[in-house]
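Notes for the structure review
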Amino acid sequence: MATATTTESYTPKDNPSFILRDPKKHGELGQTSFEERPAPKVEGPRDVVVEVKKTGICGSDVHYLVHGRIGDFVVADCGSGGMCLGHESAGVVVATGSSVNHVKPGDRVALEPGFGCGVCSECKAGRYNLCEHMTFAATPPFAGGTLARYFKLPGDFVYPLPDNVTLEEGAMIEPLSVAVHSAVKVGDIRANENVLVFGCGPVGLLLIAVAKAMGARRIIAVDINPERLAFAKSYAATDTFVPPPPLPNEARYESAKRAAAELRRKLGIAERGLDGIDLVLEASGAQPCIDLGLHALKPAGRFVQVGMGRPEVQVPITLVIVKEITMKGSFRYGPGVYPLAIDLVRQKRINLKPLITHQYPFDKALEAFHATRAGKGEDGKGVIKAMIDGPA
């Protein structure tokens with residue numbers, strides 16, 4: 001049993017933080033700066049303070065930098081102090097409240113960066129990721145983020161890392177958990193199923209890895225970028241497919257129908273039965289991919305929307321009805337997902353290391369954001385996941 005540590009035995013260092021504010025002029029990138037912020041303290045019995053050592057850059061972080069908002073989450077709502085970026089992190093525990101007994105100072109941990117109120121109907125039903133009072137790192141109106149020396153969170157959302165899992169891999173548990181939640185918890189993936197994954201960015205690649213780890217029979221990666229598809233095939237996909245472009249004046253429905261037919265012809269996919277598509281995991285958010293996925297599914301197939309694209313898309317609802325397709329959205333992650341994600345890495349059923357392509361010191365955080373946005377680093381190599389060290 002770990003010994004609880006109180007505030008008195010925790011002497012924080014400085015707390016440099018990477019802060020984002022709205023741009024000075026419309027159309028410009030947000031303003032970033034390194035600023036000193038008060039170090040968090042243990043104030044309640046369930047609190048844990050972690051010294052952050054590694055933070056991966058997520059597409060949402062870049063979106064806030066470029067657009068200042070994601071839907072109703074607006075950086076300006078954080079006030080004049082701005083918002084600290086970062087939420088994909090791992091680090092070392094430096095202090096715990098009196099009720100925390102599963103971790104102690106010095107333990108290496110992964111941080112689950114979002115925590116619900118614990119008392120609303122969604123939290124009580126085990127769906128805390130849907131809590132209307134959710135506090136989530138680097139998500140307005142909460143101004144805190146993990147691109148700082150310290151981050152405080154409830155002990156329930158801190159997970160010890162096994163000895164064979166690195167801190168870099170620990171930071172990758174956050175995006176892996178998005179994939180685990182989508183494929184396992186929402187998609188109910190089963191062994192020997194055929195899975196179609198749209199989008200070969202970081203989340204799409206992790207969906208492919210989870211499908212393989214859970215025993216999928218075939219995993220077909222779909223993208224329009226040949227380099228991404230080549231990596232997906234070398235990483236975990238069994239097959240790849242580039243959708244054909246629409247013909248001149250071709251209706252959207254007919255284009256998707258034709259693309260699905262070409263997918264079946266090229267890869268030997270059946271319309272139904274053992275060789276049909278059981279599950280679609282859509283990580284691009286693109287209308288053509290959603291259309292193709294619904295056309296490619298076999299009757300009674302399952303469709304999970306993971307990627308966010310335009311706020312509104314059109315769905316061929318008659319197709320959904322007559323094929324009895326189960327269509328669900330997937331948002332972040334919920335109970336039991338982080339432990340499963342960590343264990344898949346511990347068992348070496350998922351290898352996260354090939355996805356970590358670029359490393360940056362803390363004072364080069366903005367360079368890491370620019371490289372992620374461009375898709376290539378200064379070395380000319382494609383960026384899958386850029387990792388930023390904690391402050392020196």
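Here the structure is shown first, and the text comes after it.
No experiment lies behind these values; they were computed from the predicted model shown.

The rules behind these values
Residues numbered from 1 in each chain as written. Predicted model: local features only at pLDDT ≥ 70, side-chain atom pairs only at ≥ 80, totals over all residues. Heavy atoms only, no water. Phe/Tyr/Trp six-rings, centres within 6.5 Å; stacked < 30°, edge-to-face > 60°. Helix = DSSP H or I, 4+ residues; strand = E, 2+ residues; numbered from the N terminus. Buried < 20%, exposed > 50% of the residue type's maximum accessible area, 1.4 Å probe, protein only. Salt bridge = Lys/Arg side-chain N within 4 Å of Asp/Glu carboxyl O.

**Re the packing of aromatic side chains**
All told, the structure shown has nine aromatic pairs when counted by the stated rule. Aromatic pair Tyr-10 and Tyr-150: ring centres 5.8 Å apart, planes at 80°, arrangement edge-to-face. Of this pair, Tyr-10 sits in the segment before β1 (16-21) while Tyr-150 sits in strand β11 (residues 150-154), and the two are 140 residues apart along the sequence. Each member of the pair, Tyr-10 together with Tyr-150, is buried. When the ring of Tyr-333 is compared with that of Tyr-338, the centres are 5.5 Å apart and the planes differ by 70°; the resulting orientation is edge-to-face. An aromatic cluster of at least three residues, connected via ring pairs, comprises Phe-18, Phe-34, Phe-362 and Phe-369.

**So, the pattern of salt bridges**
As enumerated under the stated definition, the model contains 24 salt bridges in all. Among the ionic pairs, Asp-156 bridges to Arg-46, the shortest N-O distance being 2.6 Å. Highlighted residues: Asp-156 in the loop between β11 and β12 (158-160) and Arg-46 in the loop between β2 (31-36) and β3 (47-56), separated in sequence by 110 residues. A relative accessible area of 43% places Arg-46 in the partly exposed class. With a closest N to O distance of 3.0 Å, Asp-275 and Arg-217 form a salt bridge. Of the two residues, Asp-275 is situated in the loop between α6 (252-267) and β16 (277-282) and Arg-217 in the loop between α4 (202-213) and β14 (218-222); the sequence distance between them amounts to 58 residues.

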